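A look at the structure
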Amino acid sequence: GLGTALTAQQTSSSSATGTMSANSAKTSALPSQINPSRVDIFAGYSYLAPHGTVNGQSYAAVDKGAIGSGAYYFDKYMGGEFSVAAHPDGPNDSFTTFNVGPIVRAPMGDGTVTPFIHALVGSTRFNGPNFVGKYTDGAGPVHFHNPDTWGASLTVGGGMDLLIPGFSHRLSWRVFQADYQYMHASFGPANSFVDPNPKAPPTEAILGGRANINAAQLSTGLVFHMGSVIPPPPVTYTCSASPEEVYPGDPVTVTGNAQNLNPKKTATYGWTATGAKVSGTSSTGTVDTADLAPGTYTVAGHVTEGAKAGQSADCSAKFTVKQFEPPTVSCSANPASVNPGDSATVTAQGVSPQNRPLTYSYSASSGQVSGSNNTATLNTTGAAPGTITVTCNVSDDKGQTASATTDVTVNAPAPPPAPKTETLCSINFNRDKRRPTRVDNEAKACLDDVALNLQQQADAQAVLVGNSDPNARQASRLAAERAVNAEFYLVHEKGIDPSRIQVRTGTAGSDSVQNYLIPSGANFENDVPGTTTVDTATVHPSRNPYGHARSATVSHHHRDRVHRHHHVVVKGSGSSK
């Protein structure tokens, strides 16, 4: 056998198929409308790039080729195509392809641009790859080749045609046609050869083998359009009346719209109506309704551009003369929400379609409403909280009426403000340095005032907030003990239930106890933030938490205040306030 491990120069050729775009022929309709062609003929240049090997040898691209095709279209889109492509002069091969199959086009807009796709099957006659090499034993040179052989081919692709102006829609440029081709052929047994001179070393051999080629084919050229798919359409005519409903005396305009007219001819228009006068000799007419009774009327239109069938058409349009319409009214209130006893302004907006004079009146489900023009006043004095419905009425001089309503909300009285924590008197502990937490007589006068407030408001509580100089030794203990001593006095001397007293410490920074009264519903922690509850299980009253009443020096302010509440008896050391 012959060896295949050869060095070679290869030549190739290719074949291509073409397709045709649709360019539309001008019809007797509008000049921008394109009538797609019935037959397209395409001729142009083709480039083939085959990719495949035979016994390890590859095909080369063929840049010299011609392509031609003919397509017959059954309608605007679908057709059948026959294509021939020849690439006879490749570096190491040649291709000639015959294909047939369906083609689909899609004219865009007025037909200037037409993309298409096709799928073709057929036969290809090709050879190669041809090259000069050597036998495996080194003898040569030898011309290896394959003879022209027929095989199967498949072509799938598409392209785009661009209409060339000035040729009555009969000529297009195929901007591109890009196809994928598959070709297959068998060249017989591999590595067979022919020796024309048996007495000399062989110089010619058949490469043989099977070829399965995937090729890209690119083409461009001109497309010639013949015939028309769609016959010229007949003239059509539609018309409309505007407005379709009028009152006596209002004008009506009728407008005709003719389609498929030949722009090279002059159309003639005419209008008629039963029971009405119509004027106009163009595609627009005017109806005089001044003397028309209410009812429905028909206007007929006619257009013609010749005596032949399909060159004229008729249309009709209807309009109605109506009775005068009743008025309409809208109603609004400002403000829409008021407090008891306040007033709201009611505004009525009446409209008469025929501008008749209007009269206004009002009524209300509650309160008092007054007014005779397009505004009125609603007085809510005596009205219960809730919604008041005001009715706005309007009537025209024909006795036709209309009504509308609006709502005004009377708000419920605002609830009383939530109770707040009250600040009472403050106790100062700076006078007795030796007993810095002892409640002295002046402090007791303050606590008497606290007790009096608790007795007068049985559902209130008291908060005693102890404070201390932060630089003092055991400042937190001293602050807590001051508050506890004050509580001890209120419980044991004034008879206050301990459950009504809270003992806390604060951050005032002075040696004091600040007293507060918490009415029912008040929130002390929201009103006076930053205090801490004293753990009375660990903080106890001093040995002598407060002094005797006989030695107390109550300030004039507290003494006067206590005297004003002389009906309160203070238990404990025998003092009566």
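In this numbering scheme, every chain counts its residues from 1 along its sequence in written order. The model is predicted, so local features are restricted to residues of pLDDT at least 70 and side-chain atom pairs to those at 80 or more, both for listing and for counting; the totals for chains, interfaces and linings are taken over all residues. Side-chain measures were taken over the full set of non-hydrogen atoms in the model, leaving aside hydrogen atoms and water.

Two cysteine sulfur atoms form a disulfide, by the criterion used here, when they sit within 2.5 Å. In total, this model carries 3 disulfides according to the counting rule given. Sulfur-sulfur distance for the disulfide between C331 and C392 comes to 1.9 Å. Taken together, the residues span a long stretch of sequence, with C331 in strand β25 (residues 328-334) and C392 in strand β31 (residues 386-396) at a distance of 61 residues. When sorted by exposure, C331 lands in the same class as C392, which is buried. Disulfide pairing is shown between C425 and C446; the S-S distance is 1.7 Å. One quick way to see it: the torsion about the S-S bond of C425 and C446 is about 95°, and its sign makes the bridge right-handed. Here C446 lies in helix α1 (residues 441-456) and C425 lies in strand β33 (residues 422-428), a separation of 21 residues in the sequence. The residues C425 and C446 share a single accessibility class, namely buried. For the protein, numbering the cysteines in disulfides from first to last along the sequence yields the connectivity 1-2, 3-4, 5-6. Elements are defined by DSSP. Helices are runs of H or I of four residues or more, strands are runs of E of two residues or more, and each kind is numbered from the N terminus. Using a 1.4 Å probe on the protein chains alone, a residue whose accessible area is under 20% of its type maximum counts as buried, one over 50% counts as exposed, and one in between counts as partly exposed.

For the protein, the mean per-residue pLDDT works out to 84, and 85% of the residues sit at or above 70. Low pLDDT, under 50, characterises residues 1-32; the stretch is placed with 193 contacts to residues that sit more than four places away or in other chains. Below pLDDT 50 for its whole length, residues 550-577 participates in 41 contacts with residues either more than four positions away or in separate chains. The predictor rates its confidence in each residue with pLDDT, a number between 0 and 100. The criterion used for residue contact is that any of the two residues' heavy atoms lie within 4.5 Å.

With that out of the way, let us pick up the pattern of salt bridges. Salt bridges are identified by distance alone: a Lys or Arg side-chain nitrogen within 4 Å of an Asp or Glu carboxyl oxygen. This model, assessed by the stated rule, comprises 13 salt bridges. Ionic pairing is found between D148 and R125, a salt bridge with its closest N-O pair at 3.1 Å. In this pair, D148 sits in the loop between β11 (142-145) and β12 (149-163) while R125 sits in strand β9 (residues 113-126), placing the two residues 23 residues apart along the sequence. Note that K494 is salt-bridged to D448, the shortest N-O span being 3.4 Å. Residue K494 is found in the loop between α2 (475-492) and β35 (501-505), and its partner D448 is found in helix α1; the two are separated by 46 residues along the sequence. A relative accessible area of 4% places K494 in the buried class. Bridged by salt links that share partners, the residues E245, K322 and E325 form one connected network.

It is worth spelling out the sheet that holds strand β27 (residues 343-351) at this point. Sheet strands line up and pair through hydrogen bonds in the backbone, either parallel or antiparallel. Read from one edge to the other, the open sheet built from 4 strands follows the order β25-β27-β30-β29, with strand pairing classed as antiparallel. Two strands close off the open sheet at either side, each with one partner strand: β25 and β29 (368-370). With strand direction ignored, the average angle separating the axes of adjacent strands in the sheet is 20°. In short, DSSP must find at least two bridges between two strands for them to pair. As defined by bridge partners, β27 adjoins strand β30 (residues 375-379) across 5 bridges and the pair is classed as antiparallel. For T347, the partnering residue across the bridge sits in β30 and is T375. Lines fitted to the C-alpha atoms define the axes, with helices restricted to the stretch that makes contact. Angles between their N-to-C directions range from 0 to 180 degrees.

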